[in-house]
Amino acid sequence: MKLVLCLIIIFMMKYYQCIMIAPCKFDSRCVCLNDTSKPFINVSCVGKNITKIPTFPPTVYSIDLSNNKIESIPNGTFEKNRNLRILDLTSNCIKALETGSFKGLKHLLELVLEKSCINFQKVPDGVFTPLTSLQHLNCKNTHFGYMKNLPGRLVSNLTHLEYLEVDVLENTTTVVFGILFDKHFAELLNLTKLRTGICLSFYFNEKTFINMKYLTTIDLSSCLDQTYNRSLAGRYKLKSLALGKKIQQYTDSLLSLIIDVKTFSSLENLSLTDSFECNLDFNGLNRRLFDNLKSTKIKELRLNHNCIREIDPPEKFVPPDTLQFLDLSNNKLTCQCIDSFNLLILNLQNNFLGNCLPYFYCSQAKNLRLEKLDLSFNVIHQLSDVMFAGHKNLRILNLSNNFLSDIDFDLSYTQKLKILDISNNNITLISNNRALTTMTKLMEKSTLAIDLSNNVLSCNCRTVGFLEWIVNNLDHFRNNDNYKCKLDNNTIINMHNFRTIVSQLAKDCNSYSTLVICVTLGIVVFLITLCAGLMYRYRWKLRYMYYMTKSRYYRYKPDDDKESYTYNAFISYSDIERDFVINECIPNLEQDDKMKLCIHHRDFLPGEEISVNITNAIHGSKKTICIITRSFLDSYYCMFEFNMARMESIYSRNEQNILFLVFYEQIQPRNLPLVMLELVQNQSYIEYPNDEQGNVVFWEKVREAIV
């Protein structure tokens with residue numbers, strides 16, 4: 001097995017030219033970074049407590065001896081390393097350099113002596129002479145008790161030097177004349193980039209960089225409390241400028257800088273990090289600054305760490321059209337609206353925009369080119385729904401380290417979004433279905449990556465749908481192994497195996513949901529059955545109450561309503577017995593006894609609903625006479641009239657008997673409905689006789705019942 005693995009490794013080394021890291025044969029304290037595609041090696045001896053520089057083979061390309069205890073570089077130390085290109089001696093307490101310390105390094109391109117203890121005033125003149133190809137010299141941040149500026153005599157022979165990193169220290173000459181770099185620096189015709197290390201209070205004027213005429217990049221960001229007085233005026237080749245801290249304590253210094261900016265016609269990068277005091281009226285100066293920057297080729301502008309509280313509205317604050325990167329991080333902005341169609345990157349990190357963004361939208365911003373927006377550390381609880389309208393080119397959105405609890409803003413405007421960082425917020429659930437749908441489409445369209453780390457998600461049956469959505473798109477979620485979830489019992493678990501945990505949660509919730517659904521359905525069925533039973537049990541009462549309520553509002557009311565009842569009796573009969581009613585009932589009761597009967601084919605109001613007519617007739621009649629026949633029992637409306645009269649007697653007449661049953665035919669008791677049979681057994685009824693003498697008695701009994 002081991003043999004097979006060795007053969008595989010050899011094969012990969014041979015055909016894929018992979019890089020191996022192994023101890024160097026010449027010194028076990030060092031590590032060689034061997035690249036099989038090149039004949040040279042890179043050596044790393046970082047932090048090995050080395051006190052004396054080892055001997056390196058001629059094939060060494062770069063050497064890193066940083067963080068050791070080397071105190072000197074003797075003559076001829078690197079004489080054999082003619083192929084060396086990079087030498088890093090950072091953080092060694094080197095106190096002495098000799099004339100031949102760098103002998104043989106004629107091809108060296110970069111030399112780093114940062115954080116050493118060299119007193120350059122005592123270094124011999126020819127120490128850097130062998131470095132004929134040197135392009136980058138870093139000798140800043142030296143820890144020597146009597147710090148002085150680097151003498152130009154030491155570097156005047158470095159004709160290929162392009163980049164110099166050096167300390168700038170105050171002395172009598174600089175205070176009186178403002179000259180930081182002596183006349184020997186004028187011989188460095190290729191020096192275009194300068195960066196300061198230790199840099200104390202200075203008075204920069206027009207003589208400060210007089211001997212460095214070809215500088216295109218000046219980084220003075222490490223300088224403290226310097227004043228600026230036309231020291232860079234007319235530098236039309238200047239491309240990058242970074243000034244130090246607190247230049248604003250002298251207002252004239254800042255004004256001088258703003259005036260000179262328009263002369264930097266090639267300026268592309270300007271950094272004013274921590275350059276203004278908190279009590280400075282930035283809006284009073286920014287308009288002049290941006291107006292002058294329009295004369296340049298400015299692409300990057302840093303105004304971070306400046307206590308800026310507000311920025312003028314777009315009609316006043318108009319960045320140059322060439323500006324692509326703007327850094328306003330670590331200020332005190334409470335609201336902002338920046339209208340720049342060419343801006344690609346906007347950094348607003350660590351401000352106080354949280355109280356403004358839920359309600360504020362910059363209407364001037366349309367179809368922006370902005371690709372990256374950083375709103376982290378802004379105390380944001382909520383964002384306006386149209387916050388990102390017009391940001392159709394946005395690719396990176398950083399909303400981390402805020403107090404967002406949900407995604408309730410519209411992301412559909414950002415169709416090219418690739419990275420959404422909402423880590424370190426208070427998000428437990430994304431409940432907005434529109435946001436989930438939009439993000440799903442973006443994942444399919446632009447490979448959107450979302451960072452939800454350090455949000456304690458909610459893990460329960462209510463959120464299982466959201467968690468399953470994450471699982472279905474897990475490849476689009478960064479750092480998903482570090483997600484945390486809070487259970488219903490307030491236990492917080494680490495989602496190291498996100499898929500397994502969510503799958504188990506979904507299974508538990510499904511069984512629980514099935515039980516809940518079954519119990520709920522059972523309760524619903526029981527309630528429906530109960531309601532149906534009660535409605536059937538009291539069906540006639542409910543119908544009676546319904547029609548009585550309806551008739552109370554809609555029935556016809558005569559103007560003269562002196563009598564209690566409109567009719568003496570309501571005759572309920574089947575149409576088959578119509579002749580009996582016309583030929584017998586009306587003559588014997590209405591004509592002879594002058595009673596008023598309600599006959600449905602005669603007295604019902606035309607156009608009115610029949611059930612309403614029946615209810616009104618029963619309610620307006622003193623008695624209800626039912627002519628019981630087999631056709632009566634088979635008629636729906638006849639039985640409806642019977643039951644309505646029964647309900648009337650129970651609920652409106654205090655259980656007074658208003659029903660009078662006349663059996664016109666002989667009907668067996670077993671053929672009668674139960675409610676009618678019960679009424680026959682408890683109350684009186686009469687049968688119609690077939691002889692003439694019996695008819696006289698019959699009608700007398702009917703009259704007596706009605707009266």
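Refer to the structure printed above.
A quick note: this is a predicted structure, and the numbers were derived from the prediction, not measured. (Residues numbered from 1 in each chain as written. Predicted model: local features only at pLDDT ≥ 70, side-chain atom pairs only at ≥ 80, totals over all residues. Heavy atoms only, no water.)

J.: Before we move on, could you go through the overall build of the protein and cite the residues and values that matter?
T.: Each helix and strand in the protein was counted, giving 15 helices and 32 strands. Residues counted as buried form 47% of the 707 residues belonging to the protein. Looking at the protein as shown, the accessible area adds up to about 36400 Å², and 52% of this sits on carbon and sulfur atoms. (Helix = DSSP H or I, 4+ residues; strand = E, 2+ residues; numbered from the N terminus. Buried < 20%, exposed > 50% of the residue type's maximum accessible area, 1.4 Å probe, protein only. Areas by Shrake-Rupley, 256 points an atom, 1.4 Å probe, with all protein chains shown as cover.)

J.: I'd like to hear about the side chain of Ser 62, residue by residue, with values.
T.: As for its placement among the helices and strands, Ser 62 is situated in strand E4 (residues 60-64). Within the local environment of Ser 62, its side chain forms a polar contact with the side chain of Asn 42, the two groups lying 2.9 Å apart. Setting aside its immediate chain neighbours within four residues, Ser 62 contacts Ile 41, Asn 42, Val 43, Leu 84 and Ile 86. (Polar contact = N/O pair within 3.5 Å; in protein donor to acceptor, adjacent residues only side chain to side chain. Contact = heavy atoms within 4.5 Å.)

J.: Describe unusual backbone geometry, with residues and values.
T.: Backbone geometry places Asn 141, a non-glycine residue, at a positive phi of 55 degrees. Secondary-structure assignment places Asn 141 in the loop between strand E9 (136-139) and strand E10 (163-168). Here Asn 141 falls in the buried class, since its relative accessible area comes to 18%. Its identity as a non-glycine residue notwithstanding, Val 379 has a phi of 55 degrees, on the positive side. Judged by relative accessible area, which is 35%, Val 379 ranks as partly exposed.

J.: Quick one: what's the story with the pattern of salt bridges, residue by residue and with numbers?
T.: A full pass over the atoms with the stated rule returns 16 salt bridges. Of the charged contacts, one joins Glu 165 and Arg 195 as a salt bridge, the two residues approaching to 3.8 Å between their closest N and O atoms. Of this pair, Glu 165 sits in strand E10 while Arg 195 is found in strand E11 (residues 193-199), placing the two residues 30 residues apart along the sequence. Residue Glu 165 is classed as buried on the basis of its relative accessible area, which comes to 4%. For Arg 703, the salt bridge identified is with Glu 700, shortest N-O distance 3.0 Å. Of this pair, Arg 703 and Glu 700 both sit in helix H15 (residues 692-706), separated by three residues, roughly a single helical turn. Given the relative accessible area of 14%, Arg 703 is considered buried. Residues joined in a network through salt bridges with shared partners are Lys 140, Glu 165, Arg 195 and Asp 219. (Salt bridge = Lys/Arg side-chain N within 4 Å of Asp/Glu carboxyl O.)

J.: Summarise the sheet that holds strand E30 (residues 621-628); cite the residues concerned and give the values.
T.: The strands that make up a sheet are held in pairs by hydrogen bonds between backbone atoms, and each pair lies either parallel or antiparallel. Reading across from one edge, E29-E28-E30-E31-E32 is the order of the five strands in this open sheet, with parallel pairing throughout. Of all strands in the sheet, those bounded by a partner on one side alone are strand E29 (597-599) and strand E32 (685-687). The average angle at which neighbouring strand axes cross in this sheet is 25 degrees, direction not considered. Bridging between E30 and strand E31 (residues 659-663) involves five bridges; their strand directions are parallel. Following the sheet pairing, Ile 628 is matched in E31 by Phe 663. Across the face of the sheet, helix H11 (residues 610-619) comes into contact with strand E28 (567-572), E29 and E30 while running at roughly 120 degrees to E30. (Pairing = 2+ DSSP bridges. Axes fitted to C-alpha atoms, helices over the stretch in contact; angles between N-to-C directions.)

J.: An account of the sheet that holds strand E26 (residues 484-486) is needed here, citing residue identities and associated values.
T.: Read across the open sheet, the three strands follow the order E24-E26-E27; overall the sheet is mixed. On the outer flanks of this sheet lie strand E24 (456-458) and strand E27 (492-494), each paired with one strand and no other. Between one strand axis and the next, the sheet turns by 35 degrees as a mean value, whatever way the strands run. As defined by bridge partners, E26 adjoins E27 across three bridges and the pair is classed as antiparallel. Bridge pairing in E27 links Lys 484 to Asn 494.

J.: Can you explain the packing of helix H9 (residues 578-591) against H15? Please cite residues and give values.
T.: Helix-helix packing is characterised by the crossing angle of the two axes and by the distance between the axes. Where H9 meets H15, the axes come as close as 10 Å, and the angle between the chain directions of the two elements is 65 degrees. In terms of orientation, H9 lies roughly perpendicular with respect to H15. Crossing geometry of H9 relative to H15 is assigned as right-handed. Residues Phe 580, Glu 584, Cys 585, Asn 588 and Leu 589 of H9 touch H15, and the partners they reach there are Trp 699, Val 702, Arg 703 and Ile 706. Partitioned by chemical class, the residues of the contact of H9 with H15 number six nonpolar, one polar and two charged. (Parallel < 35°, antiparallel > 145°, perpendicular 65-115°, else oblique. Left-handed = near helix turned anticlockwise from the far one by under 90°. Nonpolar A, V, L, I, M, F, W, Y, C, P; charged D, E, K, R; others polar.)

J.: Account for a nonpolar patch on the surface, naming residues and giving values.
T.: The grouping of Val 519, Ile 523, Phe 526, Leu 527, Leu 530, Leu 534, Met 535, Tyr 538, Leu 542, Ile 650 and Tyr 651 at the surface amounts to a nonpolar patch, some 1000 Å² of accessible area in total. Counting only elements with at least two residues in the nonpolar patch, the list comes to helix H7 (498-537) and helix H13 (636-651). The element best represented in the nonpolar patch is H7, accounting for seven residues. In this fold, Met 535 is placed in helix H7. (Patch = residues over 30% accessible without salt bridge, like charges linked within 9 Å, V, L, I, M, F, W, Y side chains within 5 Å.)

J.: Please set out H13 residue by residue, giving values where relevant.
T.: Taking 1.5 Å of rise per residue, 16 residues should cover 22 Å, and H13 covers 22 Å from first to last C-alpha, within 8% of that figure. Across the 16 residues of H13, 12 count as buried, placing the element largely inside the fold. If you check which residues of H13 are buried, you get Cys 638, Met 639, Phe 640, Glu 641, Phe 642, Asn 643, Met 644, Ala 645, Arg 646, Met 647, Glu 648 and Ser 649. For H13, the N-terminal capping position is held by Ser 635, with its side-chain oxygen 3.3 Å away from the main-chain nitrogen of Cys 638. (Expected span 1.5 Å × (residues − 1).)

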